[in-house]
Amino acid sequence: MATVNRDLRLEVAAWLDFYRELGIEGFYRREAGEAAKLGSGSPKESAGRLPAEPPADSGAGDASAALAKESGEPAASHTILQTAPAIGLPARTLGLFEALSPGRSGPETLEQIRADLGDCHRCKLAAGRKHIVFGEGHPHAKIVFVGEGPGADEDEQGRPFVGRAGQLLNRLLQAAGIRREEVYICNVVKCRPPGNRTPEHDEIETCSPFLFRQIEAIGPRLVCCLGAPAARTVLGLKEGILKLRGRLYDFGAAKALATVHPAYVLRNPREEKLLREDLEKIREFLQP
């Protein structure tokens, strides 16, 4: 039993260090740097659910070293891999937060995640919103589109990508032979940032665990990041979107692709060809 507990604690530490590298801290309801103490008890509430096995190179870092020192055994050796958690896990595999939360059993559904989100006031964006924009689409879509945050029209209607950028995306999806009702569309943050500004670090840190839970629940073949904030959050890559776009990245059991946001195309109409090209790559990838 002692060995099992130690392995679980090292696994927890690896995942916490992995998310810290993505700039995501505090979603496990503890202060940053407290990862080494998780082995002594279960958190009262968890905001995300992760797979049981950390990425091969995810890195346990300082937290795993602390746990190893406590247990009297050598720390595991890891290097950091900037990819996102594995999805599409075997049914027998317990996710990290399933192991820590006895009340949860089996895969989550989008409805359960939405219920957990509730009338969210976890970050300062709640103060200025009209509606939470959770996401919409096929619950087991082959592709998930991720934007950065709702705009004015989305905040008004409580639906993602219904404004001018959404109308452009709909048109280009149709041109690529992709039906909107067959995909899932959501954002990194679920409430509109004031003035449509880019979501701030603490807002992303608070809200993105719900995004990862959505992706895990859907189990897509591909995740498309619309714009640099989505690519940074999902893939942990900090380069500009024009350098990242058009390539397939490993994303656990799936793939991910980054492309320009439709709002960027509205501001730069000549760049519509970039989004068209990337949607065509998605269409080709999804072909049987």
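Residues numbered from 1 in each chain as written. Predicted model: local features only at pLDDT ≥ 70, side-chain atom pairs only at ≥ 80, totals over all residues. Heavy atoms only, no water.

Asks: Tell me about the layout of surface pockets, and please be specific about residues and values.
Replies: Put simply, the largest pocket is a space of about 530 Å³. The biggest single contributor to the lining of the largest pocket is helix H10 (residues 262–267), with four residues. Its residues placed into classes, the lining of the largest pocket shows ten nonpolar, seven polar and six charged. (1 Å grid on protein atoms, 1.4 Å probe; cavity = no way out; pocket = protein on both sides within 12 Å on 5 of 7 lines; lining within 4 Å. Points joined across faces, edges and corners; volume = space filled by probe spheres on them. Helix = DSSP H or I, 4+ residues; strand = E, 2+ residues; numbered from the N terminus. Nonpolar A, V, L, I, M, F, W, Y, C, P; charged D, E, K, R; others polar.)

Asks: Can you explain the pattern of salt bridges? Please cite residues and give values.
Replies: Taken as a whole, this structure holds 19 salt bridges when the rule is applied. As a salt-bridge pair, Glu 272 and Arg 171 come within 3.4 Å of each other at their nearest N and O atoms. A residue pair is termed long-range when its members are at least 10 positions apart, and Glu 272 in helix H11 (residues 272–286) and Arg 171 in helix H6 (residues 164–175) qualify at 101 residues. In this structure Glu 272 comes out as buried when scored by relative accessible area, which is 16%. (Salt bridge = Lys/Arg side-chain N within 4 Å of Asp/Glu carboxyl O. Buried < 20%, exposed > 50% of the residue type's maximum accessible area, 1.4 Å probe, protein only.)

Asks: Run through the sheet that holds strand E2 (residues 143–147), naming residues and quoting values.
Replies: As summarised here, the arrangement of the six strands in space is E1-E3-E2-E4-E6-E5, forming an open sheet in which the pairing is mixed. Edge positions in the sheet fall to strand E1 (136–137) and strand E5 (248–251), since each has one partner strand and no second. (Pairing = 2+ DSSP bridges.)

Asks: Outline the packing of H6 against H11, listing residues and values.
Replies: One can describe the packing of H6 onto H11 by two numbers: an axis separation of 9 Å at closest approach and a directional angle of 50°. As judged from the angle between their axes, H6 and H11 are oblique. Of the two elements, H6 crosses H11, and the hand of that crossing is right-handed. Listed contacts from H11 to Leu 168, Arg 171, Leu 172, Leu 173 and Ala 175 of H6 are Glu 272, Leu 275, Arg 276 and Leu 279. (Axes fitted to C-alpha atoms, helices over the stretch in contact; angles between N-to-C directions. Parallel < 35°, antiparallel > 145°, perpendicular 65-115°, else oblique. Left-handed = near helix turned anticlockwise from the far one by under 90°. Contact = heavy atoms within 4.5 Å.)

Asks: Tell me what's going on with the packing of aromatic side chains, and back it up with residues and numbers.
Replies: The tally for this structure, following the rule as stated, stands at zero aromatic pairs. In this structure, Lys 190 is placed above the aromatic ring of Phe 134, and the distance from its NZ or CZ to the ring centre is 5.8 Å. The ring of Phe 285 has Arg 221 lying over it, and the distance from NZ or CZ to the ring centre is 4.9 Å. (Phe/Tyr/Trp six-rings, centres within 6.5 Å; stacked < 30°, edge-to-face > 60°. Lys NZ or Arg CZ within 6 Å of the ring centre and 35° of its normal.)

Asks: Tell me about unusual backbone geometry, and please be specific about residues and values.
Replies: Glycine aside, negative phi is the norm for most residues, and most peptide bonds take the trans geometry. A positive phi angle is found at Phe 161, which is not glycine, with a value near 55°. Within the chain, Asn 196 stands out as a residue other than glycine whose phi angle is a positive 60°. Examined against the element boundaries, Asn 196 turns out to sit in the loop between strand E3 (184–187) and helix H7 (201–218).

Asks: Pulling in residues and values, what's your account of the state of the cysteines?
Replies: Per the stated rule, a full pass over the model turns up zero disulfides. We note that Cys 123 lacks a disulfide partner, and the nearest cysteine sulfur, in Cys 191, lies 6.2 Å from it. Free of any disulfide, Cys 186 has its nearest neighbouring cysteine sulfur in Cys 207, separated by 9.9 Å. (Disulfide = S-S within 2.5 Å.)

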